[in-house]
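# Structural overview
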Amino acid sequence: MWFINLCCCLILYGYIILCYLRKKRQHLLQAVIIGYFCCPVFKVGGVAINGTYFITFILALICLITYAEGKTKMAGLRLYYFLFIILNIYFMLNATLVNGVNDYRLIVSLLGQVNIFMGVMECALLYRTVEKPQEILKKAVITTNIIHVIFGCIQLLSVKWGYLITNQLFASPDRNGPLKVMWGTGNFYRMFGASYSPTILGGYILVAFSFLLACVLEKRKKRMGRDLCLLTVTLLIGLLAFSKTVILGVCIIFVLEAGWCVFHLNKCNKKALFQCIGVIIGAFLLVIVIAYPTRLWGQVQYYFGKILRSPTSALNTRYGNGVMSTSFKSLVASNKISDYVNTTYLTMALIKEHPLVGVGLIPIMGEFIGDSQYITILHYGGILLFLVFLFFYLEVFVTHYKSGKLSQFMVLVAIGLCGISMNSLEISVMVPFVAFCLGKWTKPGRKC
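Residues numbered from 1 in each chain as written. Predicted model: local features only at pLDDT ≥ 70, side-chain atom pairs only at ≥ 80, totals over all residues. Heavy atoms only, no water.

## Concerning the overall build of the chain
Cut-off, in case you're wondering: Helix and strand labels come from DSSP, where a helix needs a run of H or I of at least four residues and a strand needs a run of E of at least two; each type is numbered from the N terminus. Per-residue accessibility, obtained with a 1.4 Å probe over protein chains only, is compared with the maximum for each type, and a residue is labelled buried under 20%, exposed over 50%, and partly exposed between these values. Whether two residues touch is decided by their heavy atoms; if any such pair falls within 4.5 Å, the residues are in contact. Per-residue and other accessible areas were derived by the Shrake-Rupley procedure at a 1.4 Å probe size, with only the shown protein chains allowed to occlude residues.
Helices and strands together make up the secondary structure of the chain, namely 19 helices and two strands. Sorting the 448 residues of the chain into buried and exposed places 52% on the buried side. Long-range pairs, those at least 24 residues apart, make up 74% of the contacts in the chain between residues at least 6 apart in sequence. Accessible surface, the chain: about 20,200 Å² in total, of which carbon and sulfur atoms supply 68%.

What follows is the structure, given as structure tokens:
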């Protein structure tokens, strides 16, 4: 069945190339964004490769040609982002090699990092070649939401077809654990959409919601029915994924954006603010009504009830229950290291053994490094790498805050929130969002 994936990917790649040849920049960027959001896994025979690798490769060729023709400028992005990439790779390699890992796993991990870094830079350059990039991103979100709804409905209506189709298109042998759980229980209790995990879907939804909410609040139009409907559908998808990231994150995002409106009354659509409150409450109530007579009611009781009772309980598996206080020596003394393999306990314990330079890109004792971007960065390169990330994104963050660009500012906030529960800067669905924040960004004093 691998030829299905091959055909889907080739059609997408072909369309991207065709848009470039016909000089349809807006269609090109929209296709690229949708590709990063939900590109199928590229499969040939028994080989499965992240489909976005080829999108990044195609974009690299396009950007090189475009830059050579002088049609796009990299001032302000080139120096700082290249320096950011170089420092990242240096600290990651240093920590990995110091801890004695130098096999093929290092190459695979590095390719993944390069794919994300280059994808962000290439998308950011494409954003600079079009008018109204915000509208193009919004159109891509609309198309992506439709795709998620189609696959989500299949999953909720038929576990057999939901599993077969989702596993075939979006999962690889090392990334189908959540799907196997659904198959084992005999039902999809959570919407996966066009992804291999509801966590990935939840991350996309939270950032998309933050972006769309900012677009609504920034608008001065009296009629915003379309944007409010889009915001509602986006939120419903996330809530049906029963992602704690979405359930808790949506409330935080709204409070932050409402606070921005209070301090920028002249830039905010005050009527839209109250309409958005209705959208959020209505979406939660609609999910409850939909779930009540179905098997999803148990999920509502568990996820909604748990977060209502104790909002911080959503973080216990990553940061609570002694995770942050566990030391490697205590695990060795207890002779229970094997009990903590694939857990954050062992991850944090090893980071404390190498706080400055980190442990590296590869797990050295079976520790788990996929549950938090912040813990993962410390594992990859210690405090030194963490400071590189902090200074780079803090400058971008402050620049957007001072410029009053709510959409880009809140996208960064949402990505930061997602990083608490996933590796938000290492998954392809975040590439268009990060690039959107860098597309018009330059260091103060420089021009694009």
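Here the narrative resumes, following the displayed structure.
## Here's the deal with the pattern of salt bridges
Counted only if it meets this: Salt bridges are defined as contacts in which a side-chain nitrogen from Lys or Arg sits within 4 Å of a carboxyl oxygen from Asp or Glu.
All told, the structure shown has two salt bridges when counted by the stated rule. E135 serves as the salt-bridge partner of K138, at 3.6 Å between the closest nitrogen and oxygen. Taken together, the residues span about one helical turn, with K138 and E135 both in helix α6 (residues 133–157) at a distance of three residues. Residue classification places E135 among the partly exposed residues on the basis of a relative accessible area of 31%. The closest approach of N and O atoms between K138 and D227, which form a salt bridge, is 3.4 Å. Highlighted residues: K138 in helix α6 and D227 in helix α10 (residues 225–240), separated in sequence by 89 residues. For the pair K138 and D227, one class covers both residues: buried.

## A few points about the environment of H400
Structurally, H400 can be placed in helix α17 (residues 373–403). Residues H400 and M410, 10 residues apart in the sequence, show an inter-C-alpha distance of 9.2 Å.

## Observations concerning the environment of V216
Here V216 shows up in helix α9 (residues 198–218). Those residues within four positions of V216 in sequence are excluded, and the remaining contacts are M224, D227, L228, N269, A272 and C276.

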